[in-house]
Amino acid sequence: MNDARPVDMDVLDEFGGVDVHLLQYSGAIWYPMVYDMPKGSKRRFAEQKRQRGMDRARSYVDQVAGTWVVPSAGPPAFLDPELRYLNDEGRVDRETLGGDPSNIFPDQITFLDQMKRNGNDGGLLFIPGTVGDFKGKELVALTHPVPEAEVMDIFENKTAYLDAFAARQASVLEAEKATWAEDDGVPLLGALKAKFEPIMAASPLISEGIGYPVGLEMASSDGSVETVVLDFPARTVREPQEGDGKYRYGFRIAAELVRTVLRDDEPDWVNTIFLSTRFTTWRIGGYNEFLYTFFKCLTDERIAYADGWFSEAHDDTASTELDGWEVQRRCPHLKADLSKFGVVDGGKLTCNLHGWQWDLESGRCLTSSGHELRAKKLT
Ligand code: FES
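In this report, the structure presented in the accompanying data block is examined.

Side note on the sheet that holds strand S9 (residues 279-283)
- Here five strands make up an open sheet; going across it, the order is S7-S6-S5-S8-S9 and the pairing mixed. Looking along the sheet, the strands with just one partner apiece sit at the ends: strand S7 (236-238) and S9. Across the sheet, the mean angle from the axis of one strand to that of its neighbour is 20 degrees, orientation sign disregarded.
- Summarising the sheet, strand S6 (residues 225-231) and S7 pair through three bridges and their orientation is antiparallel. Across the sheet, residue Asp-231 finds its bridge partner in S7, namely Thr-236.

Here's the deal with the pattern of salt bridges
- Applying the stated rule across the entire model yields 24 salt bridges.
- Salt-bridge contacts for Arg-117 lead to Asp-113; the nearest nitrogen and oxygen are separated by 2.7 Å. Here Arg-117 pairs with Asp-113, and both are found in helix H3 (residues 108-117), just four residues apart, close to one helical turn.
- On the accessibility criterion, Arg-117 (65% relative accessible area) is exposed.
- What makes Asp-113 buried here is its relative accessible area of 16%.
- In this structure, Arg-235 engages Glu-208 in a salt bridge whose closest nitrogen and oxygen atoms are separated by 3.1 Å. Of this pair, Arg-235 sits in the loop between S6 and S7 while Glu-208 sits in helix H7 (residues 204-210); the two residues are 27 residues apart in sequence, bridging distant segments of the chain.
- One network of salt bridges, in which partners are shared, links Asp-10, Arg-329, Asp-337 and Lys-340.

The rules we used
Residues numbered from 1 in each chain as written. Predicted model: local features only at pLDDT ≥ 70, side-chain atom pairs only at ≥ 80, totals over all residues. Heavy atoms only, no water. Pairing = 2+ DSSP bridges. Helix = DSSP H or I, 4+ residues; strand = E, 2+ residues; numbered from the N terminus. Axes fitted to C-alpha atoms, helices over the stretch in contact; angles between N-to-C directions. Salt bridge = Lys/Arg side-chain N within 4 Å of Asp/Glu carboxyl O. Buried < 20%, exposed > 50% of the residue type's maximum accessible area, 1.4 Å probe, protein only.

Pasting the structure below:
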């Protein structure tokens, strides 16, 4: 289970028991590190994000109930000096297993420790190159690519490990950067208009869901900044105009990166620019799921599929009962089964699949605009 987040665990049961469960437990997102917000709030949000990610992974561990659990697919290693601050280098010795509590990229040791504290001893430490030999439920042998003593050394001396890794990969990074488009100073408004306006026109539901103009600031290496407005309500891409005020959502991205994705006709800015964490952003109010869906779907086929998906996503005919509330069975976000993933606390419902929250009294989504939930207090 890497990006796979099954919403229907009962279907998995039909395959019989699971012997070895490999799952993602660490972060794979840019939130909240690239957000322009006060340091204290950023730290708090990051702490929540880190813990929530591991809690979700543990809830999958419980539900899948495999004999062995291998924390895998993470954490990423940020090797570019510019991004090096993103690594969790907080561990100092075997006693301080927690790493940096405000870093969203915990490592295997941290997660295995959390499993243990919660009474599960079935966790196995794998590093790249580890071979596990299983016969059904039986673990026959576990072989690491380096001597046992060096395995823990990776986690205890992470800075040295990352330094060596970065040195080995330096030429690869350099070669990749050399492929980026040149910052030739030609304004980007025209190219962005040509790229985005047809997509906006083809996605009424998504454009309405975004609901406001979004600012895109593109900074060139000479220090100049071009600002372009993605005006979703008007379905146009334009220059800033009087009365715009502060954009409710804004992005600041290096112009050379925008030129690169435009040159490559990149259909998905989320998996390129955003996941690279090479940008900053700000927002007033909640996260806007529709906006990132838009940036993921920059071709006719993709946007048609996504717009259609949203229009069918409101099937809330089935209900479930949670703590004295009757709520729709399927999560309004990505349809998780709320009888399994829903947690009620006071008047708030949290879906543990992605941590989205709703106010039960009004049905309002507290995490993203739109996505109302049907809920009724049972007497
Ligand atoms: S499915 Fe994503 S929060 Fe419920």
